[in-house]
Amino acid sequence: MPSAQRRTSARPAGRRPQKPAEPKVSVDRAAVVAVVEPVVVAAGYDLEDLAVVRMGRRFVVRASVDRDGGVPLDDVADLARDISAALDAAESGTELIPSEYQLEVSSPGVDRPLKLPRHWRRNVGRLVKVRIGDGTVVGRVIATDDAGVRLDVDGEVREVAYADLGSGRVEIEFHRIEEIAEDDMVAFDDDDDAGDAGDDDDEDEEDER
């Protein structure tokens, strides 16, 4: 009498069928900068940095802006709306950001590197650490001009040309923390239907398409 045979699956035990990989979607950062920077400059600011990062199914556009005198909260809220409008207008002609996006506008924190003359100018009076030649010094920025920076290093005044300065960073002085502008300590958060202080997160200017 023939014995019954049981058919088994050809799939190896313990392995699940893999989902097809989602196609990678990228954003042309230079194209986004070309849209955002003119808006920032027209408002009287410098675009210090712009990053576009993927967060799940959407992108986050982070713009860092600054100017002499700092970045008032109300100005950042207005600037975020202007940038959002410019991005949306650019989207009407081409797929600039091929997904939903969230916009964050903030001022640079005190930990941002000091690279350009305007960075040094905006930090006169602060203690900084910077590489000069083969060594690193800690000194206070006394003054700046078109040629370079004047530092007080342990009571000795040193004049250093911008070309001889490495990337500097502000040293936080905790006993003077109250003197640090609030704009340097936080980012700002807002969206189209907000504008008051009751948002869940008031540290980044947000505008979601």
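This text gives an overview of the structure that appears in the document.

The rules behind each value
- Residues numbered from 1 in each chain as written.
- Predicted model: local features only at pLDDT ≥ 70, side-chain atom pairs only at ≥ 80, totals over all residues.
- Heavy atoms only, no water.
- Helix = DSSP H or I, 4+ residues; strand = E, 2+ residues; numbered from the N terminus.
- Buried < 20%, exposed > 50% of the residue type's maximum accessible area, 1.4 Å probe, protein only.
- Contact = heavy atoms within 4.5 Å.
- Core = buried A, V, L, I, M, F, W, Y, C linked by side-chain atoms within 4.5 Å.
- Pairing = 2+ DSSP bridges.
- Salt bridge = Lys/Arg side-chain N within 4 Å of Asp/Glu carboxyl O.

Bringing the overall build of the protein into the picture now. The helix and strand tally for the protein stands at four helices and nine strands. Ordering the α and β elements of the protein from the N terminus gives α-β-β-α-β-α-β-β-β-β-β-α-β. Buried residues in the protein amount to 35% of all 209 residues. Considering only intrachain contacts with a sequence separation of at least 6, the fraction spanning at least 24 residues in the protein is 55%.

So, about the nonpolar core. Generally speaking, a soluble globular protein has its nonpolar side chains buried in company with each other. In terms of nonpolar packing, the biggest core is built from 25 residues, with Val32, Ile83 and Val105 touching the most fellow members. For this core, the element with the most residues is helix 2 (residues 73-91), which contributes six residues. The next biggest cluster of nonpolar side chains, apart from the first, holds 14 residues, and it includes Val130, Val137, Val149 and Leu165.

As summarised here, the arrangement of the five strands in space is 7-6-5-4-8, forming an open sheet in which the pairing is antiparallel. Of all strands in the sheet, those with a lone pairing partner are strand 7 (156-161) and strand 8 (169-170), marking the two edges. Taken together, the six bridges between strand 6 (residues 148-153) and strand 7 define a ladder with antiparallel strand orientation. Looking across to strand 7, one finds that Val153 is bridged to Glu156.

With that settled, the discussion passes to the pattern of salt bridges. The full count for this structure, using the stated rule, is 14 salt bridges. A salt bridge links Asp75 to Arg67; its shortest N-O distance comes to 3.1 Å. Given the relative accessible area of 28%, Asp75 is considered partly exposed. The exposure class of Arg67 is partly exposed, given its relative accessible area of 25%. Between Arg140 and Glu173 there is a salt bridge, and its shortest N-O distance comes to 2.9 Å. Placement of the pair is Arg140 in strand 5 (residues 135-144) and Glu173 in the loop between strand 8 and helix 4 (182-185), with a sequence separation of 33 residues. Accessibility expressed as a relative area gives 12% for Glu173, which makes it buried. Counted as one network, the salt bridges with shared partners bring together Asp46, Glu48, Asp66, Asp68, Arg112, Arg118, Arg121 and Arg122.

Any functional reading would require information that these geometric values do not contain.
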